[in-house]
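Listed here are the chains, written in short residue letters.
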Amino acid sequence: MRYKELSSKEIVNLEDGTRLGVLGQTDLEVDPKTGKINAFIIPSYSLFGMKRDQNETTITWNQIKKIGKDTIIVHRASK
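Rules used in this analysis
Residues numbered from 1 in each chain as written. Predicted model: local features only at pLDDT ≥ 70, side-chain atom pairs only at ≥ 80, totals over all residues. Heavy atoms only, no water. 1 Å grid on protein atoms, 1.4 Å probe; cavity = no way out; pocket = protein on both sides within 12 Å on 5 of 7 lines; lining within 4 Å. Points joined across faces, edges and corners; volume = space filled by probe spheres on them. Helix = DSSP H or I, 4+ residues; strand = E, 2+ residues; numbered from the N terminus. Nonpolar A, V, L, I, M, F, W, Y, C, P; charged D, E, K, R; others polar. Polar contact = N/O pair within 3.5 Å; in protein donor to acceptor, adjacent residues only side chain to side chain. Contact = heavy atoms within 4.5 Å. Core = buried A, V, L, I, M, F, W, Y, C linked by side-chain atoms within 4.5 Å. Buried < 20%, exposed > 50% of the residue type's maximum accessible area, 1.4 Å probe, protein only. Pairing = 2+ DSSP bridges. Axes fitted to C-alpha atoms, helices over the stretch in contact; angles between N-to-C directions.

Enquirer: I would appreciate a short explanation of the layout of surface pockets in the present structure.
Expert: The rolling of a water-molecule-sized probe over the atoms marks out the regions of remaining empty space. A volume near 260 Å³ is recorded for the largest pocket. Lining the largest pocket are 12 residues, with Arg19, Leu20, Gly21, Ile42 and Pro43 positioned closest to its centre. When residues of the lining of the largest pocket are traced back to their parent elements, those giving at least two are strand E2 (19-22) and strand E4 (37-45). In the lining of the largest pocket, the residues fall into 5 nonpolar, 5 polar and 2 charged.

The following block contains the structure:
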């Protein structure tokens, strides 16, 4: 799957239904040897769309449960 196929999809946590972000506003951790995506790194934004602080959420590829037409469902256990 190519990045442009994933772009603009909402990332939602299966555990509690929270919206974690939109792919396109995230950074990717990519394996330089294989080119495969290892993780999405989602920055924390404020109400007005500005980066809030240095906090970020990392979603590893194995946490992805389903990639749909508009949404990526991930499983992140509650802390």
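After that view, the rundown keeps rolling.
Enquirer: I tried to follow the side chain of glutamine 63 on my own but got confused; where do I start?
Expert: When you line up the elements, glutamine 63 lands in the loop between strand E5 (51-60) and strand E6 (64-67). In terms of polar contacts, glutamine 63 uses its side chain to reach the backbone amide nitrogen of threonine 60, at 2.8 Å. Dropping the residues within four chain positions of it, glutamine 63 is found in contact with Thr58, Ile73, Val74, His75 and Arg76.

Enquirer: Can you help me understand the side chain of lysine 9 in this one?
Expert: Residue position: lysine 9 is located in the loop between helix H1 (3-6) and strand E1 (10-13). Among the polar contacts listed, one links the side chain of lysine 9 to the backbone oxygen of lysine 69, at a separation of 2.7 Å. Not counting residues up to four positions away in its chain, the partners in contact with lysine 9 are Gly21, Val22, Leu23, Ile67, Gly68, Lys69, Asp70, Thr71 and Ile72.

Enquirer: Where do I start with the nonpolar core in this structure?
Expert: Generally speaking, a soluble globular protein has its nonpolar side chains buried in company with each other. With 11 residues, the main nonpolar core is built from Leu6, Ile11, Leu20, Leu23, Ile37, Phe40, Ile42, Ile59, Ile64, Ile72 and Val74. Residue assignment for this core shows that the elements contributing at least two residues are E4 and strand E7 (71-74). Examining the composition of this core, we find that 3 residues originate from one element, E4, more than from any other. The contacts of isoleucine 59, once residues within four sequence positions are left out, are Leu20, Asn38, Ala39, Phe40, Ile42, Ile64, Val74 and Arg76.

Enquirer: In this structure, what is going on with the sheet that holds E7? I would like to understand it.
Expert: What holds strands together in a sheet is hydrogen bonding between their backbones, with the strands either parallel or antiparallel. Spatial strand order, E2-E1-E7-E6: 4 strands in an open sheet with mixed pairing. At either end of the open sheet lies a strand with only one pairing partner, and these are E2 and E6. Sheet twist, expressed as the mean angle between neighbouring strand axes with direction ignored, is 20°. Pairing analysis gives 4 bridges linking E1 to E7, with the strands arranged parallel. From the neighbouring strand, glutamate 10 faces E7, where its bridge partner is threonine 71.

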